[in-house]
Amino acid sequence: MLKVPQELGFGPGTTCWRRLKRWIDAGVFDQLHQILPERLNTGNRIDWSRAAMDGNHIDAKKGSRDRPVAGQPRKPGSQTPSDL
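Below or above, wherever it landed, is the structure these notes cover.

Calculation criteria
- Residues numbered from 1 in each chain as written.
- Predicted model: local features only at pLDDT ≥ 70, side-chain atom pairs only at ≥ 80, totals over all residues.
- Heavy atoms only, no water.
- Helix = DSSP H or I, 4+ residues; strand = E, 2+ residues; numbered from the N terminus.
- Buried < 20%, exposed > 50% of the residue type's maximum accessible area, 1.4 Å probe, protein only.
- Salt bridge = Lys/Arg side-chain N within 4 Å of Asp/Glu carboxyl O.
- Expected span 1.5 Å × (residues − 1).
- Arc of directions from axis to C-beta.

### Some thoughts on unusual backbone geometry
Point 1. Phi is positive for Asn44, which is not a glycine, with a value near 50°.
Point 2. Structurally, Asn44 can be placed in the segment after helix 2 (28-42).
Point 3. Using a relative accessible area of 70% as the deciding quantity, one classes Asn44 as exposed.

### Considering the pattern of salt bridges
Point 1. The final tally for this structure, using the stated rule, is one salt bridge.
Point 2. Among the ionic pairs, Asp25 bridges to Lys21, the shortest N-O distance being 3.0 Å. On the criterion of helical spacing, the pair formed by Asp25 and Lys21 is a turn pair, its members being four residues apart in helix 1 (residues 13-25).
Point 3. Among the residues examined, Asp25 registers a relative accessible area of 57% and is labelled exposed.
Point 4. On the accessibility criterion, Lys21 (38% relative accessible area) is partly exposed.

### Structural notes on helix 1
Point 1. Relative to the 18 Å expected for 13 residues at 1.5 Å per residue, helix 1 spans 18 Å between its end C-alpha atoms, a close match to the ideal helical length.
Point 2. Listed in full, the buried residues belonging to helix 1 are Gly13, Thr15 and Cys16. Projection of helix 1 onto a plane perpendicular to its axis shows the buried side chains occupying an angular sector of 160°, all on one side. Among the exposed residues of helix 1, those pointing more than 90 degrees away from its buried face are Arg22 and Asp25.

That is the geometry; function is a separate question.
Okay, structure coming up:
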């Protein structure tokens, strides 16, 4: 069970979890990730020299031709990192 300190005033942990799940399902955070950078960039409030990209939240496409699947033989003509 999720424990949220009562002094924060957010209510029971279960309620917080349900709200967070509803926001995720409704796409709130996806919208924030689009709108917020656009608005901050328009106002010149982002220091792009300190920016970093991370794609770990993006689903990888399944069945990519370039990456072997564990436990399956490589496809003829596919490259390995040592071939590059």
